[in-house]
Amino acid sequence: MPRTVHAAQFHRCRQPLPLWLSHPALPPLTLRVVLCYEHLIKSSIIGNFREGPMSKAAPVVRFAPSPTGYLHIGGARTALFNWLYAQGRGGRFLLRIEDTDRERNNPAAVAAILDGLTWLGLTWDGDAVSQFARADRHRAVANDLLARGAAYHCYASPAEIDAAREAAKAEGRPQIFLSPWRDRDPKEAPAGVKPTVRLKAPRDGETIVNDHVQGRVTFPNKDLDDLIILRSDGNPTYNLAVVVDDHDMGVTHVVRGVDHLTNTARQTQIYQGMSWDVPEFAHVPLIHGADGAKLSKRHGAQGVEDYRSMGYLPVALRNYLVRLGWSHGDDEIMSTQQLIEWFDIDGINKSASRFDFKKLDDLNGHYIRQSSDEELLARIKDMLPHLDFSGLRALDIDPKAPPRSDVTLAHEVAALAPSIVDGNALAARLAHVGWDKVSTAMPALKERAKTLAELVMGALFLVADTPLALDEKARKLIDNDARTTLSALIPRFEKAETWTADALEAEVRAYSEETGAKLGKIAQPLRAALTGRAVSPPVFTVLEVLGRAEALQRIRICAG
RNA sequence: GCUCCCUUCGUCUAUCGGUUAGGACGCGAGAUUUUCAUUCUUGAAAGAGGGGUUCGAUUCCCCUAGGGAGCGCCA
């Protein structure tokens, strides 16, 4: 019995929140999932949606993803639009999982969506609703439609329907199926065939969708066939379920992707069949990859979990996503508070936009620089457990796609500290070395990082295995002159009274003046010896953070 | 094939018929600098094409081209 399965499913969602969910920097929230269908059906949660404390003008919106296994980045933007709209108007933002397709549904897939939304900071009101759990109600509405004469039983077989569609296609007619059972006497029904229930849609005239984004869109009714609302096995179809749920939940504004626009015309006919008020609609354009094609795995990142893994900050991702298709004058950096205040569905553009990682990076870099050192440290600690380095290295991404910072980090870890296998091991190693050292370096680190992964990359010298594996550019820096310089520096560093960046810089500058060697000629070999790279945070910071013993050891190795 | 939608710098966008077509990312140049980055200054870069309407079109209308979405007993 499915019901048991689902109680178990939601039980999973009740497990303790992962670390990154409970971080104090995130708004307080709880994972509010409907815990069992029994509860949902009997406790009239649905009824509550309709008679909430809101004034009449307060909108009710919803985000209704199907459990595909992750929260798609485009879906995330749709959710963001909904959330902002509700927030800005004292409305409610509801969440419904469209899990009527039993094959696609599984607990992990639902959890991934809830996690994604929560991470992005998009909290929903009330419990997440399972659409599947409401099947009885959907069936009841179908029967009501039948009783009203707005629907009929159709005994056409799938083969028959296919054939009709093929024929239509061959003749260049619209591929719609006009059921003969619309006007046929049900008494003629073939024995033993379980019928579907079809909506008796109007054949003449047109159906109009007044959309906040698309404007007034007209569909000739002759091009819309009678859609099936109940399958032959008695289960409701998506189009019926959406309408019934949106109505029952008191949804006033349906904000979703344009891919639903044609559905909306048909759904309008269901509303009309039931004499229900049609909600307001806003069909937002799609997000494409950088090449203009539909966003796919090859583009490198589809789910918000990928963006978390790369080290994007929720606030930055929100700021970036909202600017895809919406703007507020020349404003680029907008606080969440401002977004809530300014956002409106009437300002959304109609055309699809391309995802641009460079711009996201810039925004993220801005928010990183603006974050406090403590917060960044906390964010890093939250992110690390999600990183599987060997998995990241094995990702099959289009070589033309922009490199993922978490993948680059994975490669750097393999090069500098091959003994570290995953994010947890890296966190452990950093803890062993001392998080305080990361903190000390943070001001230098954060102005060089576009993502948290880059931030960690900058700190990798702290945990590198010795002797250091110098990369090619670093190796070239250690020539004979460099070895002489390094050797000369060793006794000075050994004698240094205070081991701080400032003191060490003064020491090196003194050496520079005494010998006439340019600072760059000293700093670069030092950098290479200390970090194994030609690029790093400021060498004096590196020296300080590494500590006298470790720093001297690394210098001695290169001084030969 | 049918229905619907879209088209301003490379990208995201501003423009409520009159602008030297603005901003941001990216890119180029310069300054700062121990590398990289940050920061600052600065430069190049756009109305798909063709018709109308109008004193005047990026803006309104039509056509063409290009692009997208939908056309399931999927959601």
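Structure: above.
Below is a short write-up of the structure. Predicted model only: the values in this text are computed from it and were never measured.

What counts and how
- Sequence positions are assigned chain by chain, starting from 1 and proceeding in written order.
- Chain labels run from A onward and ligand labels from 1 onward, assigned in the order the entries are written.
- A pLDDT threshold of at least 70 governs which residues receive local features in this predicted model, and a stricter bar of 80 or more applies before side-chain atom pairs are shown or counted, although totals over entire chains, interfaces and linings include all residues.
- To obtain the side-chain values, all non-hydrogen atoms of the structure were included, while hydrogens and water were left out.
- The near set for a molecule or strand comprises every residue that places at least one heavy atom within 4 Å of it.
- Within 3.5 Å is the distance limit for a polar contact, defined as a pair of N or O atoms, with the added protein rule that one can donate a hydrogen and the other accept it, and that residues adjacent in sequence qualify only through two side-chain atoms.
- For this scheme, ten residues count as nonpolar: Ala, Val, Leu, Ile, Met, Phe, Trp, Tyr, Cys and Pro. Four count as charged, namely Asp, Glu, Lys and Arg, and the remainder, Gly too, count as polar.
- Lining residues are defined by having an atom within 4 Å of a point belonging to a cavity or pocket. Those points lie on a 1 Å grid over the protein atoms alone, cavities being sets where a 1.4 Å probe fits but cannot get out and pockets being open sets with protein on both sides within 12 Å along at least five of seven lines.
- Grid points are joined across faces, edges and corners, and a volume is the space filled by probe spheres set on the points.
- By the criteria applied, helices consist of DSSP H or I runs no shorter than four residues and strands consist of E runs no shorter than two, each listed in order from the N terminus.
- The contact definition used throughout considers only heavy atoms, calling two residues in contact when any of these lie within 4.5 Å.
- Within this document, salt bridges are pairs made up of a side-chain nitrogen of Lys or Arg and a carboxyl oxygen of Asp or Glu, the two lying within 4 Å of each other.
- Partly exposed residues are those whose accessible area sits between 20% and 50% of the maximum for their type, while under 20% is buried and over 50% is exposed, using a 1.4 Å probe and protein chains only.
- One requirement defines pairing of two strands: DSSP has to find at least two bridges between them.
- Convention used here: a crossover is right-handed provided that the path from the first strand, over the helix, to the second strand proceeds clockwise when the strands point away from the viewer.
- Each pair of aromatic rings taken from Phe, Tyr and Trp, with Trp reduced to its six-membered ring, is defined by centres within 6.5 Å and is described as stacked if the planes are under 30 degrees apart, edge-to-face if over 60, and tilted in the remaining cases.
- Both a distance and an angle decide whether a charge sits over a ring: NZ of Lys or CZ of Arg must be within 6 Å of the ring centre and within 35 degrees of the ring normal.
- In this analysis, the expected span of each helix is defined as 1.5 Å times one less than the number of residues it contains.
- Axes, fitted as lines to C-alpha atoms, cover a helix only where it is in contact. Angles between the N-to-C directions of the axes lie from 0 to 180 degrees.
- Crossing handedness is defined as follows: a turn of the near helix away from the far one that is anticlockwise and smaller than a right angle gives a left-handed crossing, while the clockwise case is right-handed.

**Observations concerning the protein's contact with RNA strand B**
RNA strand B sits among 62 residues. The nearest are Arg231, Gly325, Lys350, Glu447 and Arg448. Per the 4 Å cut-off to the protein, sugar and phosphate atoms form 68% of the nearby atoms of RNA strand B. The backbone of Lys359 places a nitrogen or oxygen atom 3.2 Å from a sugar or linking oxygen of RNA strand B. Residue Arg509 places a side-chain N or O atom 3.0 Å away from a phosphate oxygen belonging to RNA strand B. Class assignment of the residues belonging to the surface near RNA strand B gives a composition of 19 nonpolar, 20 polar and 23 charged.

**A word on empty space enclosed by the protein**
Scanning all chains against the criterion turns up one cavity of 30 Å³ or more. Of the voids in this model, the largest cavity is the one considered here, and its volume is about 90 Å³. Among the elements that line the lining of the largest cavity, the one with the most residues is helix α15 (residues 373-383), at three residues. Here the lining of the largest cavity is composed, by residue class, of seven nonpolar, one polar and three charged.

**Section: the environment of Cys154**
Considering the arrangement of structural elements, one finds Cys154 in strand β4 (residues 151-154). Considered as a pair, Cys154 and Pro202 are 48 residues apart in the sequence and their alpha carbons are 16 Å apart. Contact partners of Cys154, with chain neighbours within four places excluded, come to Ser179, Trp181, Pro195, Thr196 and Arg198.

**Some remarks on the pattern of salt bridges**
According to the stated counting rule, one finds 32 salt bridges in the structure shown. Note that Asp465 is salt-bridged to Arg429, the shortest N-O span being 3.3 Å. With Asp465 in the loop between α20 (452-458) and α21 (472-477) and Arg429 in helix α18 (residues 423-433), this pair connects stretches of sequence that are 36 residues apart. The partly exposed category is assigned to Arg429, whose relative accessible area is 23%. With a shortest N-O distance of 3.5 Å, Glu447 and Arg448 are connected by a salt bridge. Note on Arg448: relative accessible area 42%, which makes it partly exposed. Linked by salt bridges that have partners in common, Arg62, Arg96, Glu98, Arg134, Arg137, Asp245, Asp246 and Asp248 make up one network.

**Considerations on the pairing of strand β2 (residues 92-97)**
In terms of burial, β2 is a largely internal element, six of the six residues being buried. Both faces of β2 are covered, namely the face carrying Arg92, Leu94 and Arg96 and the face carrying Phe93, Leu95 and Ile97. Bridge count for strand β1 (residues 60-63) against β2 is four bridges, and the pairing is parallel. Bridging across to β2, Arg62 finds its partner in Leu94. With helix α5 (residues 73-88) bridging β1 and the parallel β2, this β-α-β connection has right-handed handedness. Strand direction decides the pairing type here: β2 and strand β3 (residues 129-130), joined by two bridges, are parallel. By the bridge assignment for β3, Arg96 is matched with Val129.

**Brief notes about the packing of aromatic side chains**
Per the stated rule, a full pass over the model turns up nine aromatic pairs. Ring geometry for Phe493 versus Trp499: centroids 5.9 Å apart, planes at 80°, classification edge-to-face. Residue Phe493 is classed as buried on the basis of its relative accessible area, which comes to 0%. The buried category is assigned to Trp499, whose relative accessible area is 15%. By the ring-pair criterion, three or more aromatic residues cluster together here, those being Tyr307, Tyr312, Tyr320, Phe355 and Phe357. The ring of Trp181 carries Arg184 above its face, with NZ or CZ at 4.1 Å from the centroid.

**Considerations on helix α17 (residues 405-416)**
Relative to the 16 Å expected for 12 residues at 1.5 Å per residue, α17 spans 16 Å between its end C-alpha atoms, a close match to the ideal helical length. All of the buried residues in α17 are Ser405, Asp406, Val407, Leu409, Ala410, Val413 and Leu416. The inward-facing, buried residues of α17 abut α11 (304-310), α16 (389-394), α18, α20 and α24 (519-531).

**With respect to the packing of α24 against helix α25 (residues 539-546)**
Axis separation between α24 and α25 bottoms out at 10 Å; the angle between their running directions is 35°. Handedness of the α24/α25 crossing: left-handed. The segment α24 lies against α25, with Ala523, Leu526, Arg527, Leu530 and Thr531 engaging Val539, Val542, Leu543 and Leu546. Broken down by class, the residue content of the contact of α24 with α25 amounts to seven nonpolar, one polar and one charged.

**Overview of the layout of surface pockets**
Roughly 1,000 Å³ of internal volume is contained in the largest pocket. What lines the largest pocket is a set of 36 residues, among which Pro65, Ser66, Gly75, Asp259 and His260 lie closest to the centre. Listed by contribution, the elements that provide at least two residues to the lining of the largest pocket are β1, α5, α9 (238-248) and β9 (253-257). With five residues, α5 is the single largest residue contributor to the lining of the largest pocket.

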